[in-house]
Amino acid sequence: MRNVKKTNNKGNSRTSLSFRMNVLFISIFVLFSMLIFRLGYLQIVKGEEYVRAIERTEEVAVNTSVPRGRIYDRYGRILVDNDPQNAITYTKFQSTSQEEMLEVAEKLAMLIEQPTKRVTLRDKQDFWILKNTEKAYAKVSKAEEKKIKEKHEDEKKAQAEIDQLVRDRITEEELAELTPFDLEVLAIYREMSSGYYLSPQIIKSENVSDEEFARVSERLYELPGVNTTTDWKRVKLSSLSVLGRTTVPSKGIPKSELNYYLARGYSRNDRVGESYFESQYEELLQGHKSVVKNITNKKGEVIDMITTFEGKPGNDLVTTIDIELQAAAEKIVEEKLLQLKSMGGSSLLDRAFFVMMNPNTGEILAMVGKKIEKDPETGKPYVIDYSYGTFTTAYEAGSTVKAATILMGYKEGVIKPGTVLIDQPIKLAGTKSKSSIFNRGGRIAMNDLTALERSSNSYMFQIAMKIGGVNYRYNMGLQLKEDVLKKMRNGYAEFGLGVNTGIDLPNEFAGFQGKMDTPGKILDLAIGQFDTYTPMQLVQYISTVANGGYRVQPRLLKEIREPSKDGKTLGPLIEEVQPKILNRISNTEEEINHVKQGLRRVYIGSQGTARAQFANAPFTAAGKTGTAEVVYYGPIREKFGTLTETVSHVGFAPFENPEVAYAVVIPWVTTNFSQYISHNNQIAREVLDVYFELKKKYASSKITDETVKKEILPPTTNEKIDEDTEEQVVNE
């Protein structure tokens, strides 16, 4: 009989079960470990990122039209203000349909008068399609629709082509079916649909009557998304164009800068600085919008909005401008311009400029540009503000640059203070002779100071030739060193001539550099009749001489302040802008002071070119006059190439301790070269008189530009310029 071994099935089962349980527990442990690790990763590593994502979707900056910062002159007089006005806004939500928006627009059109001038043909076509959808798309056959869809893989592109085909087939008769009321509804609807979700869009803020405001306010319960609020309109209390302007809600952000501003949280219909000072300091002037948190239900519908940040008005900016001095200088420049225009030979004359700044700080006290325009309908001339021309247009400055030429001669070692040269006509081989105005044929020995006093061209010509490595001989050929042009332009650039001054305004122009096609042109460069310079460059140049050799950056911004709390005093000071020195010229203090003596002799010397205007002045001053024979290149194209004359003037005062530096430029003043023009010198003297008179007045009235506590002063004039029209309105 065979023995059979029995298998222990019960033991094997227990072993198998135990193994399976261990695997299960290990799996559960691994899964829980992974889950804990994932939760830790989400909370610790990615937590802040997801919180920011939630905040981006829930907290939205909305346009509550906070007031833009005010702009003041240096003494606290308002230059640009805000006027409150009624406004009607609309906010659309993600769940808002076109039909709902159209219904609200129709109700709103019965409550307000909405202008339709901004409605375009495309708007009318799209609106007709919206109101006649079936009829509109019946204009495109199924076969045409199929063909278009087969051509495009992208459904959106296909639909866009179909939509355009529909528009093209809408007839004028069909568009004429739109009634005046329909057009008014359309004008409202286009504003409603142009905004972003959850961002209030201004439907009407211009000329909203009290009756309209009240009617809409009473019916808000049946106008979902509509609200009545206060908007702010920019109002200029000065015609000074460099203050710039802002866009209006109907225009919003300029298309060229749309992406820039949208990336910074702006809405499409926000007011933004469009030009000059308003544009340069947009980030300071623009207020901070309020921030709201949207509370939604399970369907994603907004059921409540909680304000998390109330918003803040923009900062107030104090400019360096003395608006009373500015107004007086404008009047003087305009009077002289019109006087010159009434004289013979003035057919090309159309503009004049004056700039005054503190040579030690770079603060612009006045910047005047006046330009004569003609009314296209009546042909009558009128004068406009052209202050931005002081840094965006450039002209040959003539003899005003001669102080820089002499200082350059010192630097290059070709002359030294007191060097005597012979003023004589300069005759080069194959050219006509060039001479000083006062000496067409003789030989006069003179030093550098006399050369400045009498405005010697010959002295400057010889400096340029010496820098080029040659001494003058009658009828010589002119073979100069290759680097002479670069050396001289670099020398003038140390003073700010031919380079950007750094003024805190956009679109500054550095001027034109002439083409050196003959070596003799280097002589023209030495007397300011080759390259062109802006009036702003000229005032920076003479300031550099006045303050002992430091090129200071000109600026319009003096202070940044918090908004005024009481409307009587300026808000707390945030920052006082400090002077910025760009470079120092390569001359000693002794050399600079020596040249300043020559500039003083221009005003009081027996043969000084500005003696007639300044010898009897009750204050001390120094400067340099300039006359340049130039080729016309102004706006009258048919006159291009005409020989004409530009006059200029630079100076500073008081002589011993300069407080102000100034520059005058009157381009293309006459074509009559036998006519003596001194209006450039007259402008300089008359504005200086006003400056010192105002200085006494301010001292007696205890008006200062100190930053401790500044009282808000009333405007100096009653003019009021609406930003929407830029038309002057005079208060009764």
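The shown structure was predicted, so the numbers you read here are calculated from the model rather than taken from an experiment.

Parameters and conventions
Chains are numbered independently. Their residues run from 1 in the order of the written sequence. Only residues with pLDDT of at least 70 are given local features in this predicted model, and only at 80 or more are side-chain atom pairs given and counted; all residues enter the totals for whole chains, interfaces and linings. Side-chain metrics in this entry use all non-hydrogen atoms of the structure; hydrogen atoms and water are not considered. Any two strands are treated as partners once DSSP identifies two or more bridges connecting them. Starting at the N terminus, helices and strands are each numbered in turn, a helix being any DSSP run of H or I of at least four residues and a strand any DSSP run of E of at least two. Working convention: axes come from line fits to C-alpha atoms, limited for helices to the stretch in contact. Angles between N-to-C directions cover 0 to 180 degrees. To sort residues, take the accessible area from a 1.4 Å probe on protein chains only and compare it with the maximum for the residue type: under 20% means buried, over 50% means exposed, and anything in between is partly exposed. Should an angle lie under 35 degrees it is considered roughly parallel, over 145 roughly antiparallel, and from 65 to 115 roughly perpendicular; all remaining angles are considered oblique. In what follows, residue pairs with any heavy atoms lying within 4.5 Å of each other are defined as contacts. N or O atoms closer than or at 3.5 Å make up a polar contact, with two conditions inside protein: a donor-capable atom paired with an acceptor-capable one, and, for residues adjacent in sequence, both atoms drawn from side chains. By definition, turning the near helix anticlockwise from the far helix through less than a right angle yields a left-handed crossing, and turning it clockwise yields a right-handed one. pLDDT measures how confident the predictor is about each residue, on a scale from 0 to 100. We call Phe, Tyr and Trp rings a pair once their centres come within 6.5 Å, taking the six-membered ring for Trp, and we label the pair stacked below 30 degrees between planes, edge-to-face above 60, and tilted otherwise. By the criterion adopted, a ring carries a charge over it if an Arg CZ or a Lys NZ lies within 6 Å of its centre and within 35 degrees of its normal. Only buried Ala, Val, Leu, Ile, Met, Phe, Trp, Tyr and Cys residues count toward a nonpolar core, and they belong to the same one when joined by side-chain atoms within 4.5 Å. Only one rule defines a salt bridge in this text: a Lys or Arg side-chain nitrogen within 4 Å of an Asp or Glu carboxyl oxygen.

Caption draft 1: View of the sheet that holds strand β19 (residues 643–653). Ordered in space as β11-β10-β9-β20-β19-β18, the six strands form an open sheet in which the pairing is antiparallel. Each edge of the sheet is formed by a strand with only one pairing partner; in this case those strands are β11 (381–385) and β18 (622–631). When the angles between neighbouring strand axes are averaged without regard to direction, this sheet yields 15 degrees.

Caption draft 2: Region of the structure containing the pairing of strand β9 (residues 351–357). Taken across its seven residues, β9 has seven buried, putting it largely inside the fold. Side chains of β9 alternate between two faces, with R351, F353, V355 and M357 and A352, F354 and M356 buried alike. Note: β9 against strand β10 (residues 364–374), seven bridges, orientation antiparallel. The residue bridging M356 from the neighbouring strand is A366, located in β10. Remark: six residues form the turn of the hairpin made by β9 and β10, two consecutive strands paired antiparallel; G362 in that turn has positive phi of roughly 85 degrees.

Caption draft 3: Structural view of the packing of helix α4 (residues 121–131) against helix α9 (residues 180–193). The contact between α4 and α9 brings their axes to 11 Å, and the two run at 105 degrees. Regarding the angle of α4 to α9, the classification is roughly perpendicular. Judged by residue contacts, D123, K124, F127, L130 and K131 of α4 engage D182, L183, V185, L186, Y189 and R190 from α9.

Caption draft 4: Fine view of the side chain of D231. By the secondary structure assignment, D231 is in strand β5 (residues 226–236). At 3.4 Å, the side chain of D231 forms a polar contact with the side chain of S205.

Caption draft 5: Layout of the packing of helix α14 (residues 323–341) against helix α24 (residues 679–701). Interhelical geometry of α14 versus α24 gives an angle of 160 degrees and a closest axis separation of 10 Å. In this view, α14 runs roughly antiparallel relative to α24, as classed from their interaxial angle. Our pair here, α14 against α24, has a crossing hand that is right-handed. Contacts between α14 and α24 involve E324, L325, A328, A329, I332, V333, K336, Q339 and L340 on the former and, on the latter, H679, Q682, I683, E686, V687, V690, Y691, L694, K697 and Y698.

Caption draft 6: Structural detail: the confidence of the model for the protein chain. Looking at the protein chain, the pLDDT average stands at 88 and 90% of residues meet or exceed 70. Confidence drops under pLDDT 50 across residues 726–732; counting only partners more than four residues distant or on other chains, this segment forms 15 contacts.

Caption draft 7: View of the packing of aromatic side chains. Evaluated as defined, the whole model comprises 19 aromatic pairs. Note on Y260 and Y261: the rings are 5.1 Å apart at their centroids and 85 degrees apart in plane angle, and the pair reads as edge-to-face. The exposure class assigned to Y260 is partly exposed, which follows from its relative accessible area of 39%. The class for Y261 is buried, based on a relative accessible area of 5%. Seen in terms of ring centroids, F619 and F692 are 4.7 Å apart; in terms of plane orientation they differ by 25 degrees. Their pairing is stacked. Separated by 73 residues along the polypeptide, F619 in the loop between α23 (611–614) and β18 and F692 in helix α24 bring together distant segments of the chain. Here the two residues F619 and F692 agree in accessibility, since each one is buried. Put simply, the rings of Y276, F353, Y386, Y388, F391, Y395, Y632, Y633, F640 and W668 touch in pairs and so form one group of aromatic residues. Across the ring face of Y386, the terminal group of K371 is positioned such that the distance to the ring centre comes to 4.8 Å.

Caption draft 8: Summary view of the nonpolar core. Judged by nonpolar contacts, the single largest core of 89 residues is most densely connected at M367, M488, Y492, L505 and Y541. Apart from residues lying up to four places away in sequence, M488 is in contact with M408, A464, I467, I522, L525 and A526. Ranked by size, the runner-up nonpolar core spans 40 residues in total, among them L337, A621, L694 and Y698.

Caption draft 9: Local environment of the pattern of salt bridges. Taken as a whole and assessed by the stated rule, the structure comprises 44 salt bridges. Among the salt bridges present, the one from R122 reaches D126, with a minimum N-O distance of 3.2 Å. Taken together, the residues span about one helical turn, with R122 and D126 both in helix α4 at a distance of four residues. Accessibility expressed as a relative area gives 42% for R122, which makes it partly exposed. For the salt bridge of E412 with K487, the shortest nitrogen-to-oxygen distance reads 3.8 Å. In this pair, E412 is assigned in the loop between α16 (402–411) and β12 (420–423) and K487 in helix α19 (residues 484–493), connecting sequence segments 75 residues apart. The class of E412 is partly exposed, set by a relative accessible area of 27%. Its relative accessible area of 24% is what places K487 among the partly exposed residues.

Caption draft 10: Spotlight on the environment of N507. Tracing the backbone through its elements, the reader meets N507 in the loop between α19 and α20 (521–526). Accessibility expressed as a relative area gives 59% for N507, which makes it exposed. Separated by 232 residues in sequence, N507 and S275 place their C-alpha atoms 9.4 Å apart. Sequence-distant contacts of N507, defined by excluding residues within four places in its chain, comprise Y276, F391 and T392.

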